There are 2 protein chains.
Amino acid sequence: MAKTTITINDIARDLNVAPSTVSRALNNSNKISEKTKDLIRDKAAELGYDLNMVASSLSRKQTNIIGVMVPSVNRHFFSQVVSGIEDLAYDAGYRIIIAQTNELAEREKDILTLFNSTRVDGIIACLSLETSDVTHFSKILKNGIPLVLIDRVSYELDCPKIVVDNHEGAFQAVSHLVRSGCKRIAHLGGPMGCPVFKERSKGYLDAMQKAGLPIHAKYHLSTDLSTRDVQEAMKVWLSMPETPDGIFTSDSHTGLVAAKIATEAGIRVPEEISFVAFGDDPAHEYITPSLSSIEVPGNEMGRSAMQLILEQCLGESIDVQTIIKPIQLIIRSSSFR
Amino acid sequence: MAKTTITINDIARDLNVAPSTVSRALNNSNKISEKTKDLIRDKAAELGYDLNMVASSLSRKQTNIIGVMVPSVNRHFFSQVVSGIEDLAYDAGYRIIIAQTNELAEREKDILTLFNSTRVDGIIACLSLETSDVTHFSKILKNGIPLVLIDRVSYELDCPKIVVDNHEGAFQAVSHLVRSGCKRIAHLGGPMGCPVFKERSKGYLDAMQKAGLPIHAKYHLSTDLSTRDVQEAMKVWLSMPETPDGIFTSDSHTGLVAAKIATEAGIRVPEEISFVAFGDDPAHEYITPSLSSIEVPGNEMGRSAMQLILEQCLGESIDVQTIIKPIQLIIRSSSFR
DNA sequence: CTGAAAGCGCTAACAG
DNA sequence: CTGTTAGCGCTTTCAG
């Protein structure tokens, strides 16, 4: 650490007051005269004093640190979430430590114990794709640490959750394809072990059914979100006698890849095949044709999660269980016909 | 915190040994018999003990936390950087706290004092666009806290820096445009207050000069990285009697926008105008035509920065001052003719 | 309004 | 190999 870290004792000695007085003055306690407060503040500034949060945390049993766990920060959605969390945290005087699960359940557990060791005041987490057992989270809850789940949540856990209506979003996306004239609508889903993707698939199915459109097993494929899986699915679909004339993907990245494959195969989008993807990403706007999407408000979700954590940290009792953030269908060229 | 946090004293009492023995055993000190170690570890597991890092940090005067400061995590490059940092940090048993400057010098200062309060063991920072005075960083250095600057650095600061050769990258990009037959190459620069963008502009100018191509002031515009500025620049260029036949942008986002504007104006890319952008972003590959770029290895830069921090934390003396990471010209459709 | 004293939970000499 | 004793720097009763 610093060469010669200066402490409240140093400034207490210089001023001939007790360390406790210094502490109180610096914390702006209302039972210290303005005069001594000023004296102490001046001296503190003069010596370049700066609070040792570690000591303060130990004493107060509160760190003002929030643990944030996401699959990976380098995916647009999660970076939005983290950004939103940080903004609010910063303003509230909290710091965030972030950790990536890389979609590994094992790492998720490790991170949780790490957070616990760090004595974070709260945790915001998005479950990994692998996660099915959530007892490690129950332990957190039992310890009384505020927890807010975000996007990929588990309803087994008794804590606030910030989500979007995946079923509704998928339903809207597919209904939009139906309205724009698609008859053979295919669905490229995500990892079905993850509820989020299951819900989106369900939304697809329900929209198809409501529209009275037939559902073929061949039109209902899923991926592990990898480019490779998208390529295989598209190969299947493009070589069918009756190729789909509309494709709804449960994920932004897979949508981008799928649309690109179609375009490069010389297929006219949206005339021959329309595309809508669940999720937003700046690339949706840049590509030609631009890609329609169900926009998920990542930043806003992060902010809400942090807000809820903050309230719990301030001791407010949280009655809210689940906040459903509005999604929005953005119709772009890929499905405008 | 936890309901009944259990401490080393609890397990010491249970086992009739001294707390220090417990501490040593748990830290796997080599001067504790395997027998008592096992005993202690078992008891710790039984009670569900888990180290209080705050207390440990205070005592050891070391937090194992690294402060990471970037303009904004929701920009692809920075999210890559952060991701790289986190990966390495995690493996090394370090945690990272991240803070966004939002390109504000003032906030940068605040964050630094925040990091200082947190007693981070090291800091990785990317300067904000606004930053010109860097005395707040000198203070950090004077305090002996390891600092590594990344991408947007200041050579006034005596610390390791991870950068790319901006001049060279720009030079390569423009030379590539020259080779592919462009004669009227324009440059869309970034905020010139930031050395990074100045270097890229210089690279453009030098490449033009070396190629013996004339440099018109009108062909040399710059932006604040906003979409709006790009629109204005493109309006100017597209309405000129002699429109540019090649455009090099100093930034990924501005490149994406510029290329889109051209495409939408019915201009054939790359035949009529070729594009190359400095910086990578997944969107470069998705758009049609795909956008050529100078790839900047964000993840790798983050890893190197963390590596350097780690070495300094382990007391190794760092003689390295600046690591120049290799950039790579990726030729995609937007400039392939 | 201010001081004295105890303690947060862990680590690190110093003994033995 | 293990115990004793001081702290780390701050906060917080409890007095006065």
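Residues numbered from 1 in each chain as written. Chains lettered and ligands numbered in written order. Predicted model: local features only at pLDDT ≥ 70, side-chain atom pairs only at ≥ 80, totals over all residues. Heavy atoms only, no water.

Caption draft 1: Summary view of the protein's contact with DNA strand C. Around DNA strand C there are 26 residues in total, and Thr-21 of chain A together with Ile-8, Ser-23, Tyr-49 and Ser-59 of chain B lie nearest to it. Sugar plus phosphate, as a fraction of atoms of DNA strand C within 4 Å of the protein: 67%. Arg-24 of chain B is positioned such that a nitrogen or oxygen atom in its side chain is 3.2 Å from a base nitrogen of DNA strand C. Asn-52 of chain B is positioned such that a nitrogen or oxygen atom in its backbone is 3.5 Å from a phosphate oxygen of DNA strand C. Of the residues forming the surface near DNA strand C, the biggest block, four residues, is contributed by helix α4 (residues 53–60) of chain B. For the surface near DNA strand C, the per-class residue count stands at eight nonpolar, 13 polar and five charged. (Near = heavy atom within 4 Å. Polar contact = N/O pair within 3.5 Å; in protein donor to acceptor, adjacent residues only side chain to side chain. Helix = DSSP H or I, 4+ residues; strand = E, 2+ residues; numbered from the N terminus. Nonpolar A, V, L, I, M, F, W, Y, C, P; charged D, E, K, R; others polar.)

Caption draft 2: Representation of the nonpolar core within the structure. Counting 134 residues, the largest nonpolar core has Phe-275 of chain A together with Phe-275 of chain B as the members making the most contacts within it. Residues Tyr-90, Ala-125, Ile-145 and Leu-157 of chain B belong to the second largest nonpolar core, which totals 44 residues. (Core = buried A, V, L, I, M, F, W, Y, C linked by side-chain atoms within 4.5 Å. Buried < 20%, exposed > 50% of the residue type's maximum accessible area, 1.4 Å probe, protein only.)

Caption draft 3: Local environment of unusual backbone geometry. Residues and elements named next belong to chain B. That bond from Val-269 to Pro-270 is cis: its omega, 10 degrees, falls within 30 degrees of zero. By secondary structure assignment, the location of Pro-270 is in the loop between α11 (252–264) and β9 (274–278). Following Thr-288, the chain continues to Pro-289 via a peptide bond in cis, the omega torsion being -10 degrees. Within the secondary structure, Pro-289 is located in the loop between α12 (283–286) and β10 (292–295).

Caption draft 4: Summary view of the domain arrangement of chain A. When cut into domains, chain A gives domain 1 (3–58), domain 2 (65–164 + 297–326) and domain 3 (166–296 + 329–335). Using only C-alpha atoms to locate each centre, domain 1 of chain A and domain 2 of chain A end up separated by 35 Å. (Domains from an automatic or database assignment.)

Caption draft 5: Layout of the pairing of strand β6 (residues 185–189) of chain B. Residue and element names in this part refer to chain B. For β6, a buried count of five out of five residues is recorded, marking the element as mostly surrounded by other parts of the structure. What you see with β6 is no split at all: Ile-185, His-187 and Gly-189 on one side and Ala-186 and Leu-188 on the other are buried throughout. As defined by bridge partners, β6 adjoins strand β8 (residues 246–249) across four bridges and the pair is classed as parallel. The residue of β8 that forms the bridge with Ile-185 is Gly-246. Strand direction decides the pairing type here: β6 and strand β7 (residues 220–222), joined by three bridges, are parallel. Looking at the pairing, Leu-188 lines up with Leu-221 of β7. As a crossover connection, the stretch from β6 through helix α9 (residues 195–211) into β7 is right-handed. (Pairing = 2+ DSSP bridges. Right-handed = clockwise from strand over helix to strand, strands pointing away.)

Caption draft 6: Highlighting the packing of aromatic side chains. Under the criterion given, the structure shown has two aromatic pairs over all chains. With a centroid separation of 5.2 Å and 65 degrees between ring planes, the pair formed by Phe-77 of chain A and Phe-78 of chain A is classed as edge-to-face. On the basis of relative accessible area, Phe-78 of chain A is assigned to the buried category, the value being 4%. Here the basic side chain of Arg-200 of chain A rests over the ring of Phe-278 of chain A, its NZ or CZ set 3.7 Å away from the ring centre. Arg-107 of chain B extends its terminal NZ or CZ atom over the ring of Tyr-90 of chain A, reaching a point 3.7 Å from the ring centre. (Phe/Tyr/Trp six-rings, centres within 6.5 Å; stacked < 30°, edge-to-face > 60°. Lys NZ or Arg CZ within 6 Å of the ring centre and 35° of its normal.)

Caption draft 7: Region of the structure containing the protein's contact with DNA strand D. Lining the immediate environment of DNA strand D, one finds 26 residues, of which Ile-8, Ser-23, Tyr-49 and Ser-59 of chain A together with Thr-21 of chain B sit closest. A share of 64% of the atoms of DNA strand D within 4 Å of the protein falls on sugar and phosphate groups. Here Ser-56 of chain A contributes a side-chain N or O atom positioned 3.3 Å from a phosphate oxygen of DNA strand D. The element contributing the most residues to the surface near DNA strand D is helix α4 (residues 53–60) of chain A, with four residues. Tallied by class, the residues present in the surface near DNA strand D amount to eight nonpolar, 13 polar and five charged.

Caption draft 8: View of the relation of the copies chain B and chain A. It takes a turn of 180 degrees to lay chain B on chain A, together with a shift of 0.0 Å along the axis; the resulting RMSD is 0.1 Å. The transformation just described matches what one would write down for a two-fold rotation axis. An overlap of 98% is found between the interface residues of chain B and their copies at the interface of chain A, pointing to a shared contact surface. (Least-squares fit on C-alpha atoms with pLDDT ≥ 70 in both. Contact = heavy atoms within 4.5 Å.)

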